[in-house]
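Given next are the chains, with one letter for each unit.
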Amino acid sequence: MKPADDLPRPAAALTAGLLARKGLARKPVLAHAEEAGASPSDALAERLARTARATKDRAAFTLRLDADRRLRLRLAAAIAGRSAQQLVTEAIDAMLDDMAELEPLASRIAALEGRSQR
């Protein structure tokens, strides 16, 4: 099995939505926050909170796997007697739990949204 870094990456599509007219490009949110004296994590939390408001409680996304990973995931699901969705969700949860820097941001976003965390 090849490491993910060795896999060829598809070229990103350059669309009109990614382009800005000369002189009209906006600074990244974190740059604005630093100029205003806010910490970058506060600005990031506010931006993510706005994004979260626009999404539902659950969201679907596409996960592209090479043939070997897909086969192994399907076999693991069959052996465990569980769905691939359950296995992937558990793996993501374990990875996120190991990233201590996520908790403060998630707490801020939950507070901005007026809801409790999981």
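Residues numbered from 1 in each chain as written. Predicted model: local features only at pLDDT ≥ 70, side-chain atom pairs only at ≥ 80, totals over all residues. Heavy atoms only, no water.

1. As for the overall build of the chain
Phase 1 of the analysis: What the chain contains, in helices and strands, is 5 helices and 0 strands.
Phase 2 of the analysis: Ordered by position from N to C terminus, the α and β elements of the chain give α-α-α-α-α.
Phase 3 of the analysis: Burial statistics for the chain: of 118 residues in total, 8% are counted as buried. (Helix = DSSP H or I, 4+ residues; strand = E, 2+ residues; numbered from the N terminus. Buried < 20%, exposed > 50% of the residue type's maximum accessible area, 1.4 Å probe, protein only.)

2. Looking at the pattern of salt bridges
Phase 1 of the analysis: The full count for this structure, using the stated rule, is 3 salt bridges.
Phase 2 of the analysis: Taking the shortest distance from any N to any O, the salt bridge between Asp66 and Arg69 comes out at 2.4 Å.
Phase 3 of the analysis: Of the charged contacts, one joins Arg72 and Asp68 as a salt bridge, the two residues approaching to 3.2 Å between their closest N and O atoms. With a gap of 4 residues between them, Arg72 and Asp68 both fall in helix α3 (residues 67-80), about one helical turn apart.
Phase 4 of the analysis: For Arg72, a relative accessible area of 49% puts it in the partly exposed group. (Salt bridge = Lys/Arg side-chain N within 4 Å of Asp/Glu carboxyl O.)

3. What to know about the environment of Gln86
Phase 1 of the analysis: Mapped onto the elements of the fold, Gln86 is located in helix α4 (residues 84-97).
Phase 2 of the analysis: A distance of 2.9 Å separates the side chain of Gln86 from the backbone nitrogen of Ser83, its partner in a polar contact. (Polar contact = N/O pair within 3.5 Å; in protein donor to acceptor, adjacent residues only side chain to side chain.)

4. A few points about helix α5 (residues 102-113)
Phase 1 of the analysis: Here α5 is 12 residues long and its end C-alpha atoms lie 16 Å apart, about the 16 Å a rise of 1.5 Å per residue gives.
Phase 2 of the analysis: Looking only at α5, the buried set comprises Leu105, Ile109 and Ala110. Along α5, the residues classed as buried sweep out an arc of 135° about the axis, all on the same side.
Phase 3 of the analysis: Immediately downstream of α5, the backbone of Gly114 shows phi near 70°, a positive value. (Expected span 1.5 Å × (residues − 1). Arc of directions from axis to C-beta.)

5. Re the packing of α3 against α4
Phase 1 of the analysis: Between α3 and α4, whose axes approach to 9 Å, the crossing angle comes to 100°. Taken together, α3 and α4 sit at an angle that is classed as roughly perpendicular. The residues of α4 that touch α3, namely those facing Leu73, Ala76, Ala77 and Ala80, are Ala84, Leu87 and Val88.
Phase 2 of the analysis: Residue classes in the contact of α3 with α4 are distributed as 7 nonpolar, no polar and no charged. (Axes fitted to C-alpha atoms, helices over the stretch in contact; angles between N-to-C directions. Parallel < 35°, antiparallel > 145°, perpendicular 65-115°, else oblique. Contact = heavy atoms within 4.5 Å. Nonpolar A, V, L, I, M, F, W, Y, C, P; charged D, E, K, R; others polar.)

6. Considering a nonpolar patch on the surface
Phase 1 of the analysis: A cluster of nonpolar residues, Phe61, Leu63, Leu65, Ile92, Met95, Leu96, Met99 and Leu102, forms a patch on the protein surface that exposes about 680 Å² of accessible area.
Phase 2 of the analysis: For the nonpolar patch, the leading source of residues is α4, giving 3 residues. (Patch = residues over 30% accessible without salt bridge, like charges linked within 9 Å, V, L, I, M, F, W, Y side chains within 5 Å. Areas by Shrake-Rupley, 256 points an atom, 1.4 Å probe, with all protein chains shown as cover.)

7. A few points about the confidence of the model for the chain
Phase 1 of the analysis: Residue-level pLDDT values for the chain average 76, and 57% of them are 70 or greater.
Phase 2 of the analysis: For the chain, the element scoring lowest by mean pLDDT is helix α1 (residues 29-36), at 55; α3 scores highest, at 96. (pLDDT = per-residue confidence, 0-100.)

8. Things to note about the environment of Arg82
Phase 1 of the analysis: Along the chain, the position of Arg82 falls in the loop between α3 and α4.
Phase 2 of the analysis: In this structure Arg82 comes out as partly exposed when scored by relative accessible area, which is 33%.
Phase 3 of the analysis: The residues contacting Arg82, other than those within four sequence positions of it, are Ala77, Leu87 and Glu90.
Phase 4 of the analysis: At 2.4 Å, the side chain of Arg82 forms a polar contact with the side chain of Glu90.

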